[in-house]
Amino acid sequence: MGNRQEPLIAIVMRPFFNSRLFALAGLYLALALAYNVATPLFEAPDERDHMDYADWLAAGNGLPHLVNDRDEVGEIWQPPLYYALVSMLIAPIDRSDLATIAPLSADWQAGLSRLAHYHTAAESFPYRGAALAVHVARGASAALGLITILAAYGMARRLLPGFALVAAALVALNPQFVFMSAVVNNDNLVIALCSVAVWMLVKLIFDLQRSTGSREQIAWYVALGFVWGMAVLAKLTGLTLGLVIGLTLFYLARRERSWQPLVMGGLFTGGTMLLVCGWYFWRNWQLYGDPLAWNEMLAVTGGLVRPALLAWPETLRYAGFLRMSYWASFGYGVLAPDGFYRLVSIIMGLMGVGWAVRLIRGRRMGVTPTRFALLILVIWSLTVFVFLLRWMRQIDATNQGRLLFPAIAALGVLGAAGLAALDGRRMWLVKTVTVALGCWAAAMPLLVIGPAYATPRPVNPATIAQPVDIAFGDNIRLLGYDLPDAARLGEPITVSLYWEATQPITESYVVALRILDPVGQPVSGVDVLPAGGRFATPVWQPGRPFRDTYELPPITDEAVPGRGTLLAILYPRGEPGMPLLVSVGGSPAGHEARLGAIKLPPAVAVSAAPARESGATFDGRFSLLGYDAPQSVLPGDLMTVTFYWMAREPDGRDYTVFVHLLDEAGQLVAQSDGQPRAGTYPTSIWSAGERIVDEHVLVLPPDLPPGDYSIRVGLYDAASGARLPAQDPAGNGYNEDAVNVTVVRVLESTP
């Protein structure tokens, strides 16, 4: 089995000395570093718990007890190998701030944030203390990921010599694999060891000689058993390697027409595995009465254990998310753009088509070493998948693609085999797939991961366009806001607030924004943590003002058109009935801060035409298109006059409409002064070209004598009392800048 004149390690490693493979490995390590830096501490699945376990061992404690130490160590039920390796790396580093550097977020526990921890500048580069320890541990995970990539290359070099680099790239450039390889998680060790074990099986299938008693073959069996035992000590998933190891040994025995590979391989492989990890199961048996400590594990898992096993149809539906999370699902709910998932769906579809072509072409071929090795990769992948399905039936939050990664090297080879069946000699397809995956993998830290955890940048208060001086409670100030002049129908409303902490804040507060229509009913609103949970109030730095942007839903159909008002409220998380007191300029203002105005447009543009036309204009700013008025009324009536305005060049100021009723002697007998539409649609929000229907009601005196009365209308500035110049269509001015619109007859009242 190999050249006896060379050391075994040289024979094993020779295929990996490849410049293109080195380049891929370098690219992967650079990506892992970028993902490492972009991901805040403990924002990967269970990373804090994994780090606690390693810290426990680094502090000199022995293996934790699943009952007695349950409150001290996270992931306590996992086998210890990964944590022991990491503990040796972090032991020299001061980790005294591990418990405080990134506290668990109560906002995340309440389901209000996708950030599981509060983050501060203590995590920033240059790394110190616990932050340095975490990043060192992440570096170890990245090295384990490199082993997985090399194992995929080694398998494919035997099975698909021309596409070995493609198989490695399907692993190395998978964004989810890079992400998991850049965080602290024992999955990385079991993935690497399982990949190496399967690569060793492929080596055995191709390289076993008939001299089954050779020392070299025994060495391979012992090495395989050692890797298998180490995989079990990394995670119990490693136990499932037994199926493909047994099938491979059985195949070798049949091929060689000798039971020696099965018997000898089974003894040396299984025996070595038990020597490596058997003590762990014996310890569990002695402490908990169960080699797997299954019940204690379920007790530690706690609330994630389902009260009853999930039905198989529901399990398969639940597993549907694996097709996304296998490729990209970062942290706690950070997903890639839809375009990426469409891309990988196409890639997986091409792989499936390629395998259909491969099966059709080779349906009459016998069981060759290549075909059996590919079958072992399929069986191993299915084994991992089936055991994951069984796990999903019992434990919630387990439809995570990373849990398929013990088979990722095998899946990479199988995927490359599918693509190879469709590709030509120039390999355009696999090159396109590799480049596309590489571009997305490189873009994820910048386009997805970084923005998902980005905090608002500090601002200069002097640059705030709409400054205010509003205090919420004792520790929080609102320095200003940005608000659009008008809402757009069917579109969300973007609002920016400028906050500053005056003192450290221990409570997490929710920002409640409301837009009220002119009659005071809420027509849009949102309750959200600052920066969507990325910058909760407990991590605000006193004296560091920042801008926070919110997106409010479109205004409701029930909104009354006119001038709306933006309200801001702060309340403790989970206690909306306990808002903070508000003061404006030092004066108490209740529990709500009333900010700027926003125009709420009508759902349908005004198209109604007046019964009588006018054509009068007011200082070129507004036109009176016409009006509706009764021809006759009775004393004591409520007389309604409707005016049809059009804004020509509005100046953004509020003008008051006056409507006067004059007798034949020119004496005022009734009037109505007010902003258009009873003050709900003032001229300050009118837009050029907009039409407005404006009703005014005059209360007629009950003793009003019969006769003809004139209606006059105009506009004036309430602050100064000055009327806007009124002109007729010919440009002639109206007397007293009041337009005589019509004459109405007051009839004699009947008893």
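Residues numbered from 1 in each chain as written. Predicted model: local features only at pLDDT ≥ 70, side-chain atom pairs only at ≥ 80, totals over all residues. Heavy atoms only, no water.

What follows concerns the overall build of the protein. Looking only at helices and strands, the protein features 19 helices and 22 strands. Here the C-alpha radius of gyration of the protein, 38 Å, is well above what a compact globule of 751 residues would show, namely 27 Å. Considered along the principal axes of its C-alpha atoms, the protein spans approximately 130 × 60 × 50 Å. Taking contacts inside the protein between residues at least 6 apart in sequence as the whole, the part at least 24 apart equals 74%. Of the roughly 33,300 Å² that the protein leaves accessible, carbon and sulfur atoms contribute 58%. Each charge sign in the protein was given a centre, from 54 positive and 60 negative side chains, and these centres are 22 Å apart. (Helix = DSSP H or I, 4+ residues; strand = E, 2+ residues; numbered from the N terminus. Rg over C-alpha atoms; globule rule 2.2 N^0.38 Å. Contact = heavy atoms within 4.5 Å. Areas by Shrake-Rupley, 256 points an atom, 1.4 Å probe, with all protein chains shown as cover. Lys, Arg positive; Asp, Glu negative; His and termini not counted. Charge placed at Lys NZ, Arg CZ, Asp CG, Glu CD.)

Another point: the confidence of the model for the protein. Considering every residue of the protein, the mean pLDDT works out to 92; 97% of them sit at 70 or more. Averaged pLDDT values over the elements of the protein bottom out at 55 in helix 1 (residues 8–13) and peak at 98 in helix 8 (residues 175–181). (pLDDT = per-residue confidence, 0-100.)

Here the structure, examined in full by the defined rule, presents 23 salt bridges. Put simply, Asp107 and Arg573 hold a salt bridge, and the shortest N to O gap is 2.8 Å. Here Asp107 is found in helix 5 (residues 106–109), whereas its partner Arg573 is found in the loop between strand 9 (562–572) and strand 10 (582–584), with 466 residues between them in sequence. Relative accessible area serves as the criterion here: at 22%, Arg573 is assigned to the partly exposed category. (Salt bridge = Lys/Arg side-chain N within 4 Å of Asp/Glu carboxyl O. Buried < 20%, exposed > 50% of the residue type's maximum accessible area, 1.4 Å probe, protein only.)

The next subject is the sheet that holds strand 5 (residues 493–501). Strand order in this open sheet of six strands is 8-5-4-3-10-11, and the pairing throughout is antiparallel. Looking at which strands have only one partner, the edges of the open sheet turn out to be strand 8 (546–552) and strand 11 (587–588). Relative to strand 8, strand 5 runs antiparallel, the two sharing seven bridges. Paired with Ile493 across the two strands is Leu552, which belongs to strand 8. (Pairing = 2+ DSSP bridges.)

This next bit is on the nonpolar core. Tyr35, Leu241 and Leu377 are the most contacted members of the largest nonpolar core, which has 155 residues in total. Of all hydrophobic cores here, the second largest spans 39 residues; its members include Tyr481, Ile493, Trp540 and Leu600. (Core = buried A, V, L, I, M, F, W, Y, C linked by side-chain atoms within 4.5 Å.)

Let us look at helix 7 (residues 164–172). Across the nine residues of helix 7, eight count as buried, placing the element largely inside the fold. Those residues of helix 7 that sit buried are Ala164, Val166, Ala167, Ala168, Ala169, Leu170, Val171 and Ala172. Contacts made by the buried residues of helix 7 are with helix 2 (19–38), helix 6 (129–159), helix 8, helix 16 (338–361), helix 18 (408–420) and helix 19 (428–453).

Empty space within the second largest pocket amounts to approximately 610 Å³. For the second largest pocket, the lining is made up of 21 residues, of which Tyr326, Met348, Ser381, Leu404 and Leu411 are closest to its centre. Counting only elements with at least two residues in the lining of the second largest pocket, the list comes to helix 15 (322–325), helix 16, helix 17 (369–394) and helix 18. Residue composition of the lining of the second largest pocket, by class: 15 nonpolar, five polar and one charged. (1 Å grid on protein atoms, 1.4 Å probe; cavity = no way out; pocket = protein on both sides within 12 Å on 5 of 7 lines; lining within 4 Å. Points joined across faces, edges and corners; volume = space filled by probe spheres on them. Nonpolar A, V, L, I, M, F, W, Y, C, P; charged D, E, K, R; others polar.)

Let us look at the packing of helix 6 against helix 7. Packing of helix 6 against helix 7 brings their axes to within 8 Å, and their N-to-C directions diverge by 150°. Classed by the angle they form, the pair helix 6 and helix 7 counts as roughly antiparallel. Where helix 6 crosses over helix 7, the handedness of that crossing is right-handed. Contacts between helix 6 and helix 7 involve Thr148, Ile149, Ala152, Tyr153, Ala156 and Arg157 on the former and, on the latter, Ala164, Leu165, Ala167, Ala168, Val171 and Ala172. Grouping the constituent residues of the contact of helix 6 with helix 7 by class yields 10 nonpolar, one polar and one charged. (Axes fitted to C-alpha atoms, helices over the stretch in contact; angles between N-to-C directions. Parallel < 35°, antiparallel > 145°, perpendicular 65-115°, else oblique. Left-handed = near helix turned anticlockwise from the far one by under 90°.)

Before going further, it helps to spend a moment on empty space enclosed by the protein. Tallied over the entire structure, the rule returns three cavities of 30 Å³ or more. One number sums up the size of the largest cavity: a volume of about 80 Å³. The element best represented in the lining of the largest cavity is helix 12 (residues 260–288), accounting for four residues. Taken together, the residues that form the lining of the largest cavity break down as eight nonpolar, two polar and one charged. Computed from the structure, the second largest cavity encloses a volume of approximately 40 Å³.

Turning next to the packing of aromatic side chains. All chains considered together, the criterion is met by 29 aromatic pairs. Where Tyr28 meets Phe177, the ring centres are 6.1 Å apart and the plane angle is 35°; that geometry is what we call tilted. Of this pair, Tyr28 sits in helix 2 while Phe177 sits in helix 8, placing them 149 residues apart in sequence. Between Tyr326 and Phe405, the ring centres sit 5.3 Å apart and the planes meet at 80°, which makes this aromatic pair edge-to-face. A residue pair is termed long-range when its members are at least 10 positions apart, and Tyr326 in the loop between helix 15 and strand 1 (329–330) and Phe405 in the loop between helix 17 and helix 18 qualify at 79 residues. Each member of the pair Tyr326 and Phe405 is classed as buried. Members of the aromatic cluster, each reached through a chain of ring pairs, are Phe618, Phe622, Phe643, Trp645, Tyr655 and Trp686. The aromatic ring of Trp355 is capped on one face by Arg358, whose charged end is 5.6 Å from the ring centroid. Lying over the aromatic face of Trp428, Lys431 brings its terminal NZ or CZ to 5.4 Å of the ring centre. (Phe/Tyr/Trp six-rings, centres within 6.5 Å; stacked < 30°, edge-to-face > 60°. Lys NZ or Arg CZ within 6 Å of the ring centre and 35° of its normal.)

Glancing now at unusual backbone geometry. Along the chain, Phe125 connects to Pro126 via a cis peptide bond; the corresponding omega equals 0°. Looking at the secondary structure, you find Pro126 in the loop between helix 5 and helix 6. Its identity as a non-glycine residue notwithstanding, Asp619 has a phi of 55°, on the positive side. For Asp619, the location among the structural elements is in the loop between strand 13 (612–618) and strand 14 (622–628).

On to the environment of Tyr453, then. Along the chain, Tyr453 falls in helix 19. Excluding its chain neighbours within four sequence positions, the residues that come into contact with Tyr453 are Ala38, Pro40, Glu43, Leu115, Phe330, Gly331, Tyr332, Val334 and Arg534.

This brings us to the sheet that holds strand 16 (residues 638–647). An order of 19-16-14-13-21 is seen for the five strands of this open sheet, with the pairing classed as antiparallel. The sheet is open, and its two edges are formed by strand 19 (691–699) and strand 21 (726–727), each paired on a single side. Where strand 13 meets strand 14, five bridges bridge the pair, whose relative direction is antiparallel. Of the residues in strand 14, the one forming a bridge with Ala616 is Leu624.

A separate point is the environment of Val178. Secondary-structure assignment places Val178 in helix 8. Each C-alpha atom, one on Val178 and one on Trp327, is 9.8 Å from the other, the two residues being 149 residues apart in sequence.

Counting across every chain of the model gives zero disulfides. Considering cysteine sulfurs only, Cys277 is the nearest to Cys194, which forms no disulfide, with 12 Å between them. For Cys194, a relative accessible area of 0% puts it in the buried group. Residue classification places Cys277 among the buried positions, given a relative accessible area of 0%. (Disulfide = S-S within 2.5 Å.)

The next subject is the side chain of Asp423. Relative to the elements of secondary structure, Asp423 occurs in the loop between helix 18 and helix 19. Despite its burial, Asp423 pairs with no opposite charge; the closest candidate is Lys431, at 8.2 Å N-O. Not counting residues within four places of it along the chain, the set of residues in contact with Asp423 comprises Phe163, Trp428, Leu429 and Val430.

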